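Given next are the chains, with one letter for each unit.
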Amino acid sequence: MDHEHKGITIRGNSAVLAFTYQGKRCRETLPMPPTKSALKQLQQKRQAILYEIRNGIFDYSKHFPLSKKAKAFRQGRADQYTIQEALKDWLKRNEPNYELSTLHGYNSAIFHHLIPQFGALKIADLSVIQVKEWLAKLTCSNKRKNNILIPLRRLYEEMYLEGIIDKNPLDRIKNLTVTAREPEPFTLDEIEKILGQLAGQERNLIQFAFWSGLRTSELIALTWQDIDFENNRFYVRRAKVRGIIKGTKTSAGTRAVILQDQAKQALLNQYAYTGAANEVVFHDSRKNQAWKNDQSIRKIVWTPALKKAAVKYREPYQTRHTFASMLLSNGVNPMKVTEQMGHKDWGMIRKVYGRWIPSADDNQPL
């Protein structure tokens, strides 16, 4: 039979404590030996809870660490909710909103950097100087540092908009300056030297890369259904990032690209290897399977070829820069180059490749 005292209901060997916190009626069950001393202790505990609530110092988790309500109330208290809890909850809430490749980056930032460094702090305890000092010690590029901060920035922005914090310390931390990846295109002589070190499918892959302007992630996702030999073009519709097929980087990235003669020849040569039975154009010849990611190409094909050819090393992305600079140097309209590269507007072309755009005075006599 239940026995009721003020705010306490005894049920056999347990008791339910009732109280109001932040305008909500709360009920928590605790073990209760059937003794008068145990009842007295529970009454004292309830009185302590009511005192703490009146004075604004009540910590739900301290009194009821296993309670589901404890976490719910803690989420609204910047002085009790830890950054570790908040980041995990933020990630869980936002998983449906991001691509798998983006989530992979956020997971890495949260579990390898942010939680180890700041996880034990309460939301209210994070300071601008703490973040700045930590960033200064991180041994990675400015771009990587900016990316690591993204989940923390978005979490604190949510907290501010929800009114959980009055000020957002991350608003006072500017993104670090990122030096644009400088185009360092290959010369025709260098291209020939590199291709001279390759044969078969590997040569076809790199030759097509130089004369198509594709990102490596787009290159390894290309299928024969994307190739239109009749109209001398091919279509870029998808990319492969971390082994996952996804849409192109931007809506402008979905595009039709004119087949340059050298790119067309690479495809015709490649058709003998994968055209008859397989959908994906370029395969890893060691496994006769589609390339899993761009790192494999860099390690197995690209780096050894440049080394043997005695050509200064540049990353595979420079094949894309090479394509753009060749088109511009040959007088192709920058707007057309913008379309072929999959940029949203020609501002990027002007900014990155401006020195290869011939001026109106180039053909005028001195």
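Heads up: these notes are all about the structure in this document. (Residues numbered from 1 in each chain as written. Predicted model: local features only at pLDDT ≥ 70, side-chain atom pairs only at ≥ 80, totals over all residues. Heavy atoms only, no water.)

1. Thoughts on helix α13 (residues 318–329)
Quick note on the threshold: Helix numbering and strand numbering both begin at the N terminus, where a helix is a DSSP run of H or I of at least 4 residues and a strand a DSSP run of E of at least 2. Here a helix's expected span is defined as the number of its residues, less one, multiplied by 1.5 Å. Working definition: with a 1.4 Å probe on protein chains only, accessible area under 20% of the residue-type maximum means buried, over 50% means exposed, and in between means partly exposed.
Over its 12 residues, α13 runs 16 Å from end to end, which matches the ideal 16 Å to within 8%, given 1.5 Å per residue. Taking burial as the measure, the 12 residues of α13 include 11 buried ones, the bulk of the element. Regarding α13, the residues found buried are Q318, T319, R320, H321, T322, F323, A324, S325, M326, L327 and L328. Where α13 terminates, the next one or two residues include G331, which has phi positive at roughly 85 degrees.

2. Quick word on empty space enclosed by the protein
Convention followed: Definitions used for this entry: grid spacing 1 Å over protein atoms alone; cavity, a set of points where a 1.4 Å probe fits but cannot get out; pocket, an open set with protein on both sides within 12 Å along at least 5 of 7 lines; lining residue, one with an atom within 4 Å of a point. Grid points are joined across faces, edges and corners, and a volume is the space filled by probe spheres set on the points. Amino acids outside the nonpolar list (Ala, Val, Leu, Ile, Met, Phe, Trp, Tyr, Cys, Pro) and the charged list (Asp, Glu, Lys, Arg) are all regarded as polar, and Gly is one of them.
By the definition in use, this model includes one cavity of 30 Å³ or more. Forming the boundary of the largest cavity are L205, I206, A209, L214, T216, L219, I297, W302, P316 and T319. The biggest single contributor to the lining of the largest cavity is helix α9 (residues 200–210), with three residues. Looking at side-chain class alone, the lining of the largest cavity contains eight nonpolar, two polar and no charged residues.

3. Side note on unusual backbone geometry
Here the phi dihedral of N232 falls at roughly 55 degrees; this positive angle occurs in a residue that is not glycine. By secondary structure assignment, the location of N232 is in the loop between β5 (227–228) and β6 (233–236).

4. With respect to the environment of F186
Note the cut-off: In what follows, a contact means two residues having at least one pair of non-hydrogen atoms within 4.5 Å.
Locating F186 in the fold gives a position in the loop between α7 (142–161) and α8 (188–195). Setting aside its immediate chain neighbours within four residues, F186 contacts I191, I194, F210, W302, L306, V311, K312, R314, Q318 and T322.

5. As for the nonpolar core
Put simply, the rule is: Among buried residues, the Ala, Val, Leu, Ile, Met, Phe, Trp, Tyr and Cys ones that are joined through side-chain atoms within 4.5 Å form a nonpolar core.
In this structure, I194, I206, F208, F234 and F282 are the most contacted members of the largest nonpolar core, which totals 35 residues. Elements with a contribution of two residues or more to this core: α8, α9, β6, α11 (261–274) and α12 (294–309). It is α12 that contributes the most residues to this core, six residues altogether. When near neighbours in sequence (up to four residues on either side) are disregarded, F282 contacts N204, L205, F208, L219, L222, L267, Q270, A290 and W291.

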